[in-house]
Amino acid sequence: MTATQTRPASGTAEPPAVPGARRRTSVSMPYLLLAPAVLALVVLLGWPAVNVIITSFRKLDLGELTSGRVVWAGFDNYAEVLGGSDFWVIALRTVVFTACMVAATVVIALLLALLMQNIPAVPRVLLQISLLLAWAMPQLAATTVFQWIFDQQFGILNKTLVLLGFDSFERAAWFSSGTSTLTVVGILIVWQAVPFVAMTLYAALIGVPKDLYESAGIDGANAHQTFAAITWPHLKPVLMIVTFLSILWDFKVFSQVWAIREGGPNGESTTLPVLQYLEGIAGKHFGVAAAVSVLMVLVLVVVCAQYLRLLLRSQEGEL
């Protein structure tokens, strides 16, 4: 039995093997696959951002917008915004308001996530359904419900407090000042933000291996020691991410603030997003509104710089 060998046909030759070709292809392939998504992000997000920066250096009122004239204003828009007496008050109010909402959201969501981890299946499912229903409620619908709840004359909150013996809440005006108005808005935002954060943290909690808890129980660790040694190290990266996302979301909240009292009374609940709307859409000063947008980004970068550094350092430590 003779062995047969296949030979290339006459006139053809096998291509020479290139040692590094396959390696270079495998290295560049992920970048080639990501290129369309990166290009789409640059087009959809990068160009609008650049356009806002360019607009902030233009005088773009309703007249320039309709005529199509390009009038460069230099730094006049920024000087007008920063020179206003209200900008720094509004910026500080926005930062404090955001910090309070984020802190309340994260603390309540963490407590709910720990509660879901330690309760039986039936109440856990009911709690999760309640959270999802609150999260799924449209913002304007939820805002309308909260306006009814806190209404001075017909609100169920005032009536309930009076029935409980707190007569001082008879016809209490919850929207009479900026502080009380922002408090109501903050409760609304936290109520809608907690479900996502709580479910995310709960997903991180159920990912912790149960063997670690069993080992801690065998070693005699109490609940506090178990949380500090096992739960917290697994929960911390996710907690930092959802905190960062909450900062981004709550800093630019507009719908609830505007729908409640349109930044009132007397502008005392105006935040930077509301100021941007008042200058742009309401006042038709689009160049000034673009300058407010750029300044909002800078304020957010300053606020998040330290947190971003800690977040990146924690991720590097995990790698």
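Remember, predicted model here, so these are calculated numbers, not experimental data. (Residues numbered from 1 in each chain as written. Predicted model: local features only at pLDDT ≥ 70, side-chain atom pairs only at ≥ 80, totals over all residues. Heavy atoms only, no water.)

Draft legend 1. Representation of the overall build of the protein within the structure. Secondary structure assignment for the protein yields 13 helices and 0 strands. When the helices and strands of the protein are read in sequence order from the N terminus, they spell out α-α-α-α-α-α-α-α-α-α-α-α-α. Relative to its 319 residues, the protein shows a buried fraction of 33%. A sequence separation of at least 24 residues applies to 65% of the contacts in the protein between residues at least 6 apart. (Helix = DSSP H or I, 4+ residues; strand = E, 2+ residues; numbered from the N terminus. Buried < 20%, exposed > 50% of the residue type's maximum accessible area, 1.4 Å probe, protein only. Contact = heavy atoms within 4.5 Å.)

Draft legend 2. Inspection of the side chain of Thr-55 at higher detail. Relative to the helices and strands, Thr-55 resides in helix H1 (residues 21-55). A polar contact is formed between the side chain of Thr-55 and the backbone oxygen of Asn-51, at a distance of 2.7 Å. Ignoring any residue separated from it by four or fewer positions in sequence, one finds Thr-55 in contact with Leu-60, Asn-77, Phe-286, Gly-287 and Ala-290. (Polar contact = N/O pair within 3.5 Å; in protein donor to acceptor, adjacent residues only side chain to side chain.)

Draft legend 3. A look at the packing of helix H4 (residues 87-118) against helix H8 (residues 178-206). Running from N to C, H4 and H8 cross one another at 40 degrees; their axes reach a closest spacing of 7 Å. Relative to H8, the element H4 lies oblique. Crossing geometry of H4 relative to H8 is assigned as right-handed. Among the residues making up the contact of H4 with H8, the classes are represented as 22 nonpolar, 3 polar and 1 charged. (Axes fitted to C-alpha atoms, helices over the stretch in contact; angles between N-to-C directions. Parallel < 35°, antiparallel > 145°, perpendicular 65-115°, else oblique. Left-handed = near helix turned anticlockwise from the far one by under 90°. Nonpolar A, V, L, I, M, F, W, Y, C, P; charged D, E, K, R; others polar.)

Draft legend 4. Spotlight on helix H3 (residues 76-83). Taken together, the buried positions of H3 are Asn-77, Tyr-78 and Val-81. Take H3 and look down its axis: the buried residues cluster within an arc of 95 degrees, on one side only. When the buried face of H3 is taken as reference, the exposed residues oriented beyond 90 degrees from it are Asp-76 and Gly-83. (Arc of directions from axis to C-beta.)

Draft legend 5. Molecular detail of the environment of Lys-284. Positionally, Lys-284 belongs in the loop between helix H12 (272-282) and helix H13 (286-318). The exposure class assigned to Lys-284 is partly exposed, which follows from its relative accessible area of 33%. Between the C-alpha atoms of Lys-284 and Gly-63, which are 221 residues apart in sequence, the distance is 9.2 Å. Excluding anything up to four places from it in sequence, Lys-284 contacts Leu-60, Asp-61, Leu-62 and Glu-279.

Draft legend 6. Structural context of the pattern of salt bridges. Summed over the entire model, instances satisfying the criterion amount to 3 salt bridges. The partner of Glu-64 in a salt bridge is Lys-59, with the nearest N and O atoms 3.2 Å apart. Lys-59 gets classed as partly exposed once you look at its relative accessible area, which sits at 37%. With a closest N to O distance of 3.6 Å, Arg-69 and Glu-64 form a salt bridge. (Salt bridge = Lys/Arg side-chain N within 4 Å of Asp/Glu carboxyl O.)

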